[in-house]
Amino acid sequence: MAVSVLQLVELALHGAAFLCGIVCASALTVAQGEFGGWCILYGTVSWNGTALVPKSFSHISLCYFVSAVSIVVALYCFSSLLYGIYGCCTNESQWDRTWLSIALVVAFIILFFLLIAACILRVGMDALCASIVQTKSLSSCQDAEHKPWVSYSPTRFYSNLYSAQASAWVNVFLWCLLTTQLLVQRRREGPFPLLRRNDPEWSAETEAIFGGRPIQP
């Protein structure tokens with residue numbers, strides 16, 4: 001069983017992308033649960049003198065979209081990881097040009113949705129932290145974890161949102177590497193070059209069709 005370096009790199013990237021997707025979805029879900037299931041991204045907060053008061057939340061489907069993208073990509077990475085391990089054990093991991101083209105299209109689609117999810121996390125978290133800092137009661141968004149909240153007790157919401165955002169951007173980077181790896185592999189699996197007259201294969205083919213060369217006197 002001979003395993004190439006490219007196959008090992010592909011397995012490692014799929015495994016890392018799978019972990020990033022799970023971490024992103026779970027961290028965002030925990031942060032969402034700290035606010036009773038509401039999506040705190042793009043939310044606004046005020047200070048009533050003694051505690052922080054959530055004024056508005058974003059639509060719950062926004063957090064569901066980010067979590068769904070992370071979970072779907074994680075499942076795809078897990079299935080690709082299992083297929084890659086099976087292919088390494090059976091020496092059947094080589095894809096033809098058609099399957100490489102399909103995998104490349106899927107990789108671009110995944111990268112597109114991961115980029116959208118990461119941007120939503122980044123901009124949504126920045127909007128929330130800007131609202132918290134504007135209350136003039138806190139110097140940083142992380143300090144809000146140690147302050148009382150009205151109706152909620154979010155003790156690690158900033159840490160969970162930061163973990164979700166970091167995992168999302170790492171996932172984007174990993175899929176950039178996977179897409180590049182697929183492009184390199186597809187280029188290696190390019191169509192066969194045309195034979196030229198001076199190539200040894202050309203002589204062998206012509207002799208097989210037209211017969212051997214005449215004997216020179």
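Some remarks on the overall build of the chain
Next up, step 1: When you go through the chain residue by residue, the secondary structure sums to five helices and two strands.
Next up, step 2: For the chain, the sequential pattern of α-helices and β-strands runs α-β-β-α-α-α-α.
Next up, step 3: Counting over 217 residues, the chain shows a buried share of 38%.
Next up, step 4: Within the chain, contacts between residues separated by at least 24 positions form 76% of all contacts whose residues are at least 6 apart in sequence.
Next up, step 5: Summing over all exposed atoms, the chain offers an accessible surface of approximately 12800 Å²; the carbon and sulfur share of this is 65%.

Some thoughts on the packing of aromatic side chains
Next up, step 1: A complete count under the given rule lists 12 aromatic pairs for this structure.
Next up, step 2: Each ring, one from phenylalanine 35 and one from tryptophan 149, has its centre 5.3 Å from the other, and the planes form 75 degrees; the classification is edge-to-face. Of the two residues, phenylalanine 35 sits in the loop between α1 (5–33) and β1 (39–47) while tryptophan 149 sits in the loop between α3 (97–133) and α4 (157–188), which places them 114 residues apart along the sequence.
Next up, step 3: On the accessibility criterion, tryptophan 149 (8% relative accessible area) is buried.
Next up, step 4: Grouping aromatic residues by their ring pairs yields a cluster made of Phe35, Trp38, Phe57, Trp149, Tyr152 and Phe157.

Observations regarding the state of the cysteines
Next up, step 1: The full count for this structure, using the stated rule, is two disulfides.
Next up, step 2: One disulfide in the model links cysteine 39 with cysteine 63; its S-S distance is 1.9 Å. Judged by the torsion about the S-S bond (75 degrees), the cysteine 39/cysteine 63 disulfide is right-handed. Placement of the pair is cysteine 39 in strand β1 and cysteine 63 in helix α2 (residues 60–90), with a sequence separation of 24 residues.
Next up, step 3: Judged by relative accessible area, cysteine 39 falls into the buried class, the value being 0%.
Next up, step 4: Judged by relative accessible area, cysteine 63 falls into the buried class, the value being 2%.
Next up, step 5: Across the disulfide, cysteine 129 is cross-linked to cysteine 141 (sulfur-sulfur distance 2.4 Å). Disulfide cysteine 129-cysteine 141: the torsion about the S-S bond is -70 degrees, which places it as left-handed. Taken together, the residues cysteine 129 in helix α3 and cysteine 141 in the loop between α3 and α4 connect sequence positions 12 residues apart.

Reading the values: the criteria
Residues numbered from 1 in each chain as written. Predicted model: local features only at pLDDT ≥ 70, side-chain atom pairs only at ≥ 80, totals over all residues. Heavy atoms only, no water. Helix = DSSP H or I, 4+ residues; strand = E, 2+ residues; numbered from the N terminus. Buried < 20%, exposed > 50% of the residue type's maximum accessible area, 1.4 Å probe, protein only. Contact = heavy atoms within 4.5 Å. Areas by Shrake-Rupley, 256 points an atom, 1.4 Å probe, with all protein chains shown as cover. Phe/Tyr/Trp six-rings, centres within 6.5 Å; stacked < 30°, edge-to-face > 60°. Disulfide = S-S within 2.5 Å.

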